[in-house]
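Tertiary structure, described
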Amino acid sequence: MRYLVLSDIHSNLEAFQAVLDDAGPVDEIWCLGDVVGYGPDPNACVDLLRSQRHICIAGNHDWATLGKLDLRDFNPDAREANLWNRKQLTSEHLAYLDALPETLVRGDFTLAHGSPRHPIWEYIIYSSTAEVNFQHFETPYCFSGHTHTPVIFRLQANSEAVADALPPVLNEAIALGSERLIINPGSVGQPRDGDPRASYVLLDDEAMTLEHRRVAYPLETTQAKMLEHGLPLRLVLRLGYGW
Ligand code: ZN
């Protein structure tokens, strides 16, 4: 089966649509949460996701729109955009987000928005955090998002505790291999690694390969909608920098 693994759409419809078009036909989407927040199209993004065959877990921004997280823990811009997203979302879409599980396991893969240890909140930025987290899931591989930065953490062979951070190879299917991995597909709707293009992963669980990809999208359209709705300027501008 061929899977589209993506995370952190953040109400960015243009980026999400570009990823779907670029990925081509897949058997299922695995969405790692934060469907909403930050961007201008929360309902359209939930609609588009729900129109596809998919599974999805909850992210911190999804929970915040539901009042399941304290918005005082968000920075002022994120908080303002989240409150705006909350106001737009239909009760049906809020109910959909409310029903999302914190983690899922599919075959050899565990899915967690932040980390398998603390699925909603923890950021796996450093190898040291990844090393601890390898003890918190049972499967060989884990997908997580939340940092908006594509990366692969690989637990070294013959080691219970040392992980390397590997930069993603773009547009090339690589073997998953025999070592345990924590794979971050990056963010669809608000990349933060200096590359403004939408980021995602294609997974083939028969060939046992994965491929990191980037695709440009008409971000000026997204920015214009954000300005129109009065969303924070810093959030508008950062899309152009990929930060
Ligand atoms: Zn996010």
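A few points on the structure.

About the thresholds
Here, residues in each chain are numbered from 1, in the same order as that chain's written sequence. Where local features are concerned, this predicted model is filtered to residues with pLDDT of at least 70; where side-chain atom pairs are given and counted, the filter is 80 or more; whole-chain, interface and lining totals use all residues. Note that the side-chain values use all heavy atoms of the structure and ignore hydrogens as well as water. A pair of cysteine sulfur atoms is labelled a disulfide when the two atoms are within 2.5 Å. For every residue, the accessible area obtained with a 1.4 Å probe (protein chains only) is divided by the maximum for its type, and the residue is called buried under 20%, exposed over 50%, and partly exposed between those limits. Axis angles are defined between N-to-C directions and span 0 to 180 degrees, where every axis is a line fitted to C-alpha atoms and, for a helix, only to the segment in contact. For the purposes of this entry, the term helix denotes a DSSP run of H or I that reaches at least four residues, the term strand denotes a run of E that reaches at least two, and both are numbered from the N terminus. In what follows, roughly perpendicular refers to angles from 65 to 115 degrees, roughly parallel to angles under 35, roughly antiparallel to angles over 145, and oblique to any angle outside these ranges. Two residues qualify as a contact provided that any one of their heavy atoms is within 4.5 Å of a heavy atom in the partner residue. Only Asp, Glu, Lys and Arg are considered charged, only Ala, Val, Leu, Ile, Met, Phe, Trp, Tyr, Cys and Pro nonpolar, and every remaining residue, Gly among them, polar. In this description, strands pair whenever DSSP reports at least two bridges between them. Shown as donors are all N, O and S atoms within 2.8 Å of a metal ion, widened to 3.2 Å for Na, K and Ca; because water is not in the atom set, sites may appear incomplete. In short, tetrahedral needs four donors with all angles between 85 and 135 degrees, square planar needs four and octahedral six donors with opposite donors over 155 degrees apart and all other angles between 65 and 115, and whatever is left is irregular. With the far helix as reference, a near helix turned anticlockwise by less than a right angle produces a left-handed crossing, and one turned clockwise produces a right-handed crossing.

With that settled, the discussion passes to the state of the cysteines. Disulfide: a covalent bond formed between the sulfur atoms of two cysteine residues. With the rule as written, the count across this model stands at zero disulfides. Free cysteine: cysteine 56, not disulfide-bonded; nearest cysteine sulfur from cysteine 31 at 3.5 Å. Owing to a relative accessible area of 6%, cysteine 56 belongs among the buried residues under this scheme. Here cysteine 142 is not cross-linked by a disulfide; its sulfur's nearest cysteine counterpart is in cysteine 31, at 15 Å. Taking the relative accessible area as the measure of exposure, cysteine 142 reaches 0% and is therefore buried.

Next up on the list: the packing of helix α7 (residues 219-228) against helix α8 (residues 233-241). At a minimum axis distance of 9 Å, the contact between α7 and α8 shows a crossing angle of 175 degrees. When the axes of α7 and α8 are compared, the pair comes out roughly antiparallel. Seen from α7, the contacting residues are Leu219, Thr222, Gln223, Met226 and Leu227; seen from α8, they are Leu233, Leu235, Val236, Leu237, Leu239 and Gly240. The residue makeup of the contact of α7 with α8, split by class, is eight nonpolar, three polar and no charged.

Bringing the sheet that holds strand β1 (residues 2-6) into the picture now. A sheet is described by the order of its strands in space; here six strands give the open sequence β3-β2-β1-β11-β12-β9, paired in mixed fashion. Both edges of this open sheet fall to β3 (54-56) and β9 (174-175), since each of them pairs with a single strand only. Pairing analysis gives four bridges linking β1 to strand β2 (residues 28-31), with the strands arranged parallel. Paired with tyrosine 3 across the bridge in β2 is glutamate 28.

This part takes up the coordination of the zinc ion. Bound to the zinc ion on the protein side are Asp8 (OD), His10 (NE2), Asp34 (OD) and His148 (NE2), at distances that span 2.0 to 2.4 Å. Seen from the zinc ion, its four donor atoms lie at angles of 85 to 174 degrees, and the figure they make is irregular. For the zinc ion, all donor residues lie on one chain, and their spacing in sequence is D-x1-H-x23-D-x113-H. There is no split in this pair, since aspartate 8 and histidine 10 are both buried.

Packed helices, taken two at a time, are described by their axes: the angle between them and the distance between them. Relative orientation of the contacting elements helix α2 (residues 42-50) and helix α5 (residues 91-98) amounts to 60 degrees, with a least axis distance of 10 Å. It follows that α2 is oblique to α5 by the angle criterion. The two elements α2 and α5 meet at a crossing, and its hand is left-handed. Contacts from Asn43, Val46, Asp47, Leu49 and Arg50 of α2 reach α5 at Glu92, His93 and Tyr96. Of the residues that constitute the contact of α2 with α5, the class distribution is three nonpolar, two polar and three charged.

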